[in-house]
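# Coordinates in review
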Amino acid sequence: MVTSNDTQTGTATGARTERYRRAERAFWAHHGLAPAERFVKVGSPPVRLRVQELGSGKPVLFVNGTGGPGSYFAPLLGELHGLRCLVLDRPGWGLSAPVDFSGRPYRTVVAELLRETLDALGIDRACLLGGSIGNLWALRLAQAHPSRVDRLVLLGGGPLTAEIPVPTFIRLLRSPLGKVIVRVPEKPRMVAKQLAGLGHATGGQPGQIPPAFVDWRVAMSRETDWRRHERDMVRCVLGRGGFVPGFVLQNAEVAGIAQPTLMVYGTADPVGSVDVWRRFAGRMPRGELELADGGGHMVWYDDPGRVGARVTRFLAS
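First, a word on what this report is: a plain description of the structure on this page. Since the structure is predicted, the reported quantities are computational estimates derived from the model, not experimental observations. (Residues numbered from 1 in each chain as written. Predicted model: local features only at pLDDT ≥ 70, side-chain atom pairs only at ≥ 80, totals over all residues. Heavy atoms only, no water.)

### Observations concerning the overall build of the protein chain
Scanning the protein chain for helices and strands turns up 12 helices and 10 strands. For a compact globule of 317 residues, the expected C-alpha radius of gyration is about 20 Å, and the protein chain comes in at 19 Å, within 12% of that figure. Projected onto its principal axes, the C-alpha positions of the protein chain cover 60 × 45 × 40 Å. Counting only contacts in the protein chain whose residues sit at least 6 apart along the sequence, the fraction spanning at least 24 positions is 74%. Accessible surface, the protein chain as shown: approximately 13600 Å² in total, 52% of it carbon and sulfur. (Helix = DSSP H or I, 4+ residues; strand = E, 2+ residues; numbered from the N terminus. Rg over C-alpha atoms; globule rule 2.2 N^0.38 Å. Contact = heavy atoms within 4.5 Å. Areas by Shrake-Rupley, 256 points an atom, 1.4 Å probe, with all protein chains shown as cover.)

### With respect to the pairing of strand β4 (residues 83-88)
For β4, the buried fraction is high: 5 of the 6 residues fall into the buried class. Here strand β2 (residues 47-54) pairs with β4 via 4 bridges, running antiparallel. Within β4, the residue paired with Q52 across the bridge is V87. By the bridge criterion, 6 bridges tie strand β3 (residues 58-63) to β4 in an arrangement that is parallel. Residue pairing in the sheet places L61 in a bridge with L86 of β4. (Buried < 20%, exposed > 50% of the residue type's maximum accessible area, 1.4 Å probe, protein only. Pairing = 2+ DSSP bridges.)

### As for the nonpolar core
In this structure, Y106, L128 and W137 are the most contacted members of the largest nonpolar core, which totals 55 residues. In this structure, L128 is in contact with L61, V63, L114, A138, L141, V149, R151, L152 and V153, ignoring residues within four places of it in sequence. Counting 45 residues, the second-largest nonpolar core is a separate cluster that includes L80, I209, V264 and V311. (Core = buried A, V, L, I, M, F, W, Y, C linked by side-chain atoms within 4.5 Å.)

### Concerning the packing of aromatic side chains
Each aromatic ring pair is characterised by the separation of its centres together with the angle its planes make. Tallied over the entire structure, the rule returns 17 aromatic pairs. Between F213 and W216, the aromatic rings sit 5.6 Å apart at their centres with planes inclined by 80°, giving edge-to-face as the arrangement. In this pair, F213 and W216 both sit in helix α8 (residues 211-223), 3 residues apart, roughly one turn of the helix. With 5.8 Å between their ring centres and 75° between their planes, W277 and F280 make a pair best called edge-to-face. Taken together, the residues W277 and F280, both in helix α11 (residues 274-283) and 3 residues apart, mark about one turn of the helix. Grouped by ring-pair contacts, the aromatic residues F27, F62, Y72, F73, F213, W216, W300 and Y301 constitute a single cluster. Above the ring of F39, the side-chain terminus of R48 is found at 3.7 Å from the ring centroid. (Phe/Tyr/Trp six-rings, centres within 6.5 Å; stacked < 30°, edge-to-face > 60°. Lys NZ or Arg CZ within 6 Å of the ring centre and 35° of its normal.)

### What to know about the packing of helix α7 (residues 188-197) against α8
Across the interface, α7 lies against α8 with an axial gap of 9 Å and an inter-helix angle of 110°. Taken as axis vectors, α7 and α8 run roughly perpendicular relative to one another. Seen from above, α7 lies across α8 with right-handed handedness. Residues P188, V191, Q194 and L195 of α7 touch α8, and the partners they reach there are F213, V214, R217 and V218. A breakdown of the residues in the contact of α7 with α8 according to their chemical character gives 6 nonpolar, 1 polar and 1 charged. (Axes fitted to C-alpha atoms, helices over the stretch in contact; angles between N-to-C directions. Parallel < 35°, antiparallel > 145°, perpendicular 65-115°, else oblique. Left-handed = near helix turned anticlockwise from the far one by under 90°. Nonpolar A, V, L, I, M, F, W, Y, C, P; charged D, E, K, R; others polar.)

In structure tokens form, the structure reads like this:
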């Protein structure tokens, strides 16, 4: 039986979703893009994840970090050619449902979610491109199911090794203060300050985060529950002393990643350091590191053309 409260709740949720969609469409349009959309059911119990698709050619699955759901790759996607770009909203982000990370090791959950996503898309083998924590997801799939992964692209620093300190925002999200953080709607000035902390300026000039991103990010904080979902995840992987055992990769695990792997890292990215990423890339049998001088955490926003051309060449090899 459907009650009036159920109807009101469903109507409110639908209105929030539509407002978010409008903001996201405006952000895509700013970059001259209009992706197709589909939903897949994966996991146990099943959850509904959204994948947006652009282009044709070799399949590439994109996994977002904490800067935004899959759409935040838009400036990069506009520069990629000859590739079938499958842009995942990581669970709990955008229009993807959240998942429970408390029951099994995180590395197992993320690898199986990505494997089942490829299955649902009818793709046997794909390239993986991650941003921030999406890098860890891509590497865990390559480690657990190497036959499913052709090549890897890792953009921006992420929680990949014990050498990387836990970012301040992630610590705050886990703390009791996190209960307040997830309830406070973001404002444009707050978003601009967060981006500055990640090595990015906002504005209308080349190499700056455009106002369309800020507008979309504000709508995302008001119309979706990504911060609450991300806090639930963080509380499963972060203890008082740091990340739980098994979350980041050990040196031997890194050395076992056999796929060709390109890391593009901005020198102004506060997550990690040039020395850390040189050591990390050096441990992989086929790893290579490209530095973007002055680039921030979302390095593809600083020079989309350069990063896009480098990624296209690497994935087309």
